[in-house]
Amino acid sequence: MSSTVSNKPPSSLFKGKAKATDFDDLNPVITYRQLHSHNLGVKDPLRVIALCDSDAFYAACEQVRLGIDPSQPLVVQQWDSLIAVNYPARKFGITRMEKIKEARRKCPELIVVHVATYKEGESQPGYWDNPDTLTHKVSLDHYRRESNKVIRMFQEGLPSGEIEKASIDEAFIDFTKPVREDILRRYPYLAKVPPDAPDGPDSPLPPPPPISWEGLGTVIPINPASPESAATEGCDSGAHLTHDGSQDIDINDDLTTWHDVALSIAAELMGKIRRDIHEKLGYTTSAGIARNKFLAKLTASYKKPNSQKTSQSILRNAAIPTYLRPTPFQKIRFLGGKLGKAIAEEYDVSTVGDLLTDEMQRKFGEESIWVYEILRGIDRSEVKEKAAVNKSMLAAKNLPQPITKASQGHHWIRVLAAELALRLREAREELPTLWPKTLVLHARQGYETGRSKQASFPFTRNATVDVIASAGDRLWRELVGTDVSRTAPLKVTHVALGFTGVECMDAGQRSIEGFFRAPTTSNDVDYAGVSEGAHKRKRGSEDFEDDLGTWRSRSKTDSNISDTRPPQTGSSTSFLCGKCGKRVELPDGLSGEGIEDDFKAEALAALRVEHDDFHLAQELAKQLSSDDSPRKIRPAEKPQSKVKRQRPPEGIARFFRK
DNA sequence: GTGGATGAG
DNA sequence: CGCTCATCCAC
């Protein structure tokens, strides 16, 4: 079944009078069959998603690291400006991007922590006394590590929930599954279709129980908000009382749906995890809970301008239209940039409601289905567990004092290489089979067109600063040449070194992981040897370049060459499986001639064992008959694909193709 | 492959 | 508009 979910809006859209169908799925009937389904995916009427983010994360990281009282105003400094401001500091009117002097003027007591930096010669970043942008490079490593701790707590707290790390301080959580489990636990009478149900499993569920939102967070009201008593804060509103006593119609039982029950359970679970994170790690978080990612994200920022208190907000389906309509659409993910600006200027509109008119709908056309749906609170994108690591790893540096001699490049390349080495090593603590396929060097001259050069990165278990730096140096020479070879003047203002194609080896190669760990437990990344048998001698970077050069120049044809050799010479890079007749190959990085034969032989043996295991597992699987694995439904996803630009025409048309 | 563009914070 | 990082896509 390759047909995708229909992306087409109702045809009424293009015939005017679409209003009646806007927001028409806010209270779907929920049947026993749906409740007991496990694979409804984004169409699940009980879907519940949360977006949880850390408050002023970098600042919180430093506050925790230094054991500072969280009520103290604290900022994180990067060179002369601020990159994070905690809530106590915000009370003084201090904002991000402010100059450090200005901030100090506003608050003399301000605690200022400069972000950690690398400096040349150090394999690790540190909190130096006077970091200098001329010689140091910012390190965000500590924040990445802390971020991973938070993510891990989400995962542990929700074994059956899906987690998607959205940024260093944000994650989406799909509560649908854990919530469903909870519903069935709490309301066991839902487990069976009643014998007298008119349509059997397709009968609607009985009316939901009343919900107490108390302690669960801020419930966004259904009715147009009077600014004061708009939302009900579950924990302190004392049931349903507000100042003027006029609100609260929205906490009305007959408006309660099973989806609200689901939201409330998610809110409970979310609150638990957030408290747990606060206790164990010291970080305060905010959360938004709604029926999809986009709304969850929007909900998380509900009414918390400068309110320090840890908070979470809940958006009931019934509240979606009133909440969405006045929302400036540029606050919506992916509409915050040029696209949003283009729409705003083209049509002179600013809110979601402005865009809900028939005229707008016609203008957007069918290709803009993503926008159409988003404006109506529909978002089919899935909470998709990200590969545990990113596909790329980049260390970049802007040079306030441009490089004018090619020979100066080495300096920065070493610094960037040190960062990459550390990050890769740390990533491999979790995922030993991690392997960056290529190393890329970018360099930009002033405003000129930056250029980049890349090369395959050799497999090595212990990617040292030296290995990375010498490969980087080689790229540098290819990119900018050498002092003597250059004729034109040089003025490099930006250098970046990065890994791309960072991936775990796949299952067939998994057992090779032993080779990553094996003998080295040393933390000494500056040690010049590569530690496995392949490179024994201690030597300088020149030698490394030779090795890398050898590796690079021959790697392409390696597998073919070695394939013709007798399997026992030790340099074979593949074997033929007797069971399936397939040829199983070593991964590229292990098959080059820069790798010693005995190392390859060992790797091959491991591969063999792995491959046999694979067949064993297959046979076992065969005996366990029924595989009712849920069919994957492709959701409408990724605005990028909707708004792709090609030879952009003028104005808004740049974003929407006919 | 690589540079450009975009977006987020 | 200062800096850092990631991803996608057209050429």
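Conventions and cut-offs
- Residues numbered from 1 in each chain as written.
- Chains lettered and ligands numbered in written order.
- Predicted model: local features only at pLDDT ≥ 70, side-chain atom pairs only at ≥ 80, totals over all residues.
- Heavy atoms only, no water.
- Salt bridge = Lys/Arg side-chain N within 4 Å of Asp/Glu carboxyl O.
- Helix = DSSP H or I, 4+ residues; strand = E, 2+ residues; numbered from the N terminus.
- Buried < 20%, exposed > 50% of the residue type's maximum accessible area, 1.4 Å probe, protein only.
- Pairing = 2+ DSSP bridges.
- Axes fitted to C-alpha atoms, helices over the stretch in contact; angles between N-to-C directions.
- Contact = heavy atoms within 4.5 Å.
- Polar contact = N/O pair within 3.5 Å; in protein donor to acceptor, adjacent residues only side chain to side chain.
- Near = heavy atom within 4 Å.
- Nonpolar A, V, L, I, M, F, W, Y, C, P; charged D, E, K, R; others polar.
- Core = buried A, V, L, I, M, F, W, Y, C linked by side-chain atoms within 4.5 Å.
- pLDDT = per-residue confidence, 0-100.

J.: I keep staring at the pattern of salt bridges and nothing clicks. Help me out?
T.: When the charged atoms of two side chains lie near each other, side chains of opposite charge can form a pair. For the structure shown, the criterion picks out 23 salt bridges. With its nearest N and O atoms 3.4 Å apart, the salt bridge here joins Asp25 to Arg291. Pair noted here: Asp25 is in the segment before α1 (32–36) and Arg291 is in the loop between β11 (285–290) and α8 (293–300), with a separation of 266 residues, a long-range link. Taking relative accessible area as the criterion, Asp25 reaches 31% and is therefore assigned partly exposed. Note that Glu268 and Arg186 form a salt bridge whose closest N and O atoms lie 3.4 Å from each other.

J.: Honestly, the pairing of strand β1 (residues 49–54) in this entry has me stumped. Any pointers?
T.: Regular strands place side chains that alternate from one sheet face to the opposite one. By the criterion of burial, β1 is predominantly enclosed, with six of the six residues buried. Where burial is concerned, the two faces of β1 agree: the one with Ile49, Leu51 and Asp53 and the one with Ala50, Cys52 and Ser54 are both buried. Relative to strand β8 (residues 170–174), β1 runs antiparallel, the two sharing five bridges. When the bridges of β8 are listed, Cys52 appears paired with Ala171.

J.: Can you walk me through the sheet that holds strand β2 (residues 74–78) in this structure?
T.: Across the sheet, three strands lie side by side as β3-β2-β4; this open sheet has mixed pairing. A strand with exactly one partner marks an edge of an open sheet, and here the two such strands are β3 (81–85) and β4 (111–114). On average, each strand axis in the sheet is tilted by 35 degrees relative to the strand beside it, whichever way the strands run. Looking at chain direction, β2 and β4 are connected through four bridges and run parallel. Of the residues in β4, the one forming a bridge with Gln77 is His114. Here helix α2 (residues 57–65) sits on the sheet and contacts β2, β3 and β4; the angle it forms with β2, its principal contact strand, is near 110 degrees.

J.: What exactly am I supposed to notice about the side chain of Lys293 here?
T.: Considering the arrangement of structural elements, one finds Lys293 in helix α8. Note on Lys293: relative accessible area 4%, which makes it buried. In this structure the side chain of Lys293 is engaged in a polar contact, spanning 3.0 Å, whose partner is the side chain of Glu164. Only 3.0 Å separates the side chain of Lys293 from the backbone oxygen of Glu382, close enough to count as a polar contact. Ignoring any residue separated from it by four or fewer positions in sequence, one finds Lys293 in contact with Ile49, Glu164, Phe172, Arg333, Asp379, Ser381, Glu382 and Val383.

J.: I'm lost on the protein's contact with DNA strand B in this one. Help?
T.: In the vicinity of DNA strand B lie 13 residues, with Lys297, Phe334, Lys338, Ser452 and Gln454 positioned nearest. Counting only atoms of DNA strand B within 4 Å of the protein, the sugar-phosphate share comes to 91%. Counting residues per element, the ones that place at least two in the surface near DNA strand B are α10 (338–347) and β15 (451–456). For the surface near DNA strand B, the element with the most residues is β15, which contributes three residues. Classifying every residue of the surface near DNA strand B gives two nonpolar, five polar and six charged.

J.: For this particular structure, what's the right way to read the pairing of strand β7 (residues 162–167)?
T.: The sheet contact formed by β7 and β8 spans five bridges and is antiparallel. When the sheet's bridge partners are listed, Ser167 is paired in β8 with Glu170. Here β7 folds back onto β8, and the loop between the two strands holds two residues.

J.: What's the story with the sheet that holds strand β16 (residues 492–504) in this structure? I'm lost.
T.: Sheet strands pair by backbone hydrogen bonding; their relative direction is either parallel or antiparallel. Taken together, four strands build an open sheet; the order of strands is β13-β16-β14-β15 and the sheet is antiparallel. Pairing within the sheet leaves two strands with one partner each, and these edge strands are β13 (393–403) and β15. In this sheet, adjacent strand axes meet at a mean angle of 15 degrees when their direction is disregarded. One ladder, built from seven bridges, connects β13 with β16; its direction is antiparallel. Residue pairing for β16: Ala395 is matched across the bridge by Leu497. Contacting β13, β14 (434–445) and β16, helix α13 (residues 409–430) runs over the sheet at an angle of about 160 degrees to β13. Running at roughly 40 degrees to β14, helix α14 (residues 465–480) makes contact with β13, β14, β15 and β16 of the sheet.

J.: Could you clarify how one ought to interpret the nonpolar core in this entry?
T.: Nonpolar side chains tend to gather and get buried jointly when the protein is soluble and globular. If you look at the biggest cluster of nonpolar residues, it comprises 57 residues, and the most contacted ones within it are Val76, Phe154, Phe175, Ile183, Trp258, Met270 and Ile289. Looking at this core, the element that brings in the most residues is helix α7 (residues 258–281), giving twelve residues. When near neighbours in sequence (up to four residues on either side) are disregarded, Phe154 contacts Cys52, Ile163, Ala171, Ile173, Met270, Ile273 and Ile277. Residues Ile403, Trp412, Ala418 and Ala427 belong to the second largest nonpolar core, which totals 40 residues.

J.: Just checking my understanding: could you explain α2 for this structure?
T.: Think of an α-helix as turning once every 3.6 residues; residues three or four places apart then point the same way. For α2, a buried count of seven out of nine residues is recorded, marking the element as mostly surrounded by other parts of the structure. Residues Phe57, Tyr58, Ala59, Ala60, Cys61, Glu62 and Gln63 constitute the buried set of α2. Along its buried surface, α2 packs onto β1, β2, β3, β4 and α5 (141–157). Looking one or two residues past α2, Gly67 carries a phi angle of roughly 65 degrees, positive in sign.

J.: Would you mind showing me how to read the confidence of the model for chain A here?
T.: Close inspection of predicted coordinates is inappropriate in any region flagged by low pLDDT. Confidence in the prediction of chain A, expressed as mean pLDDT, is 74, and 69% of residues score 70 or more. Across chain A, element-level confidence peaks in α7 with a mean pLDDT of 96 and bottoms out in helix α16 (residues 541–555) with 29. Counting interchain partners and residues more than four positions distant, the pLDDT-below-50 stretch residues 510–570 has 118 contacts. Across residues 619–649, where pLDDT falls below 50, the model places 37 contacts with residues more than four positions away in sequence or in other chains.

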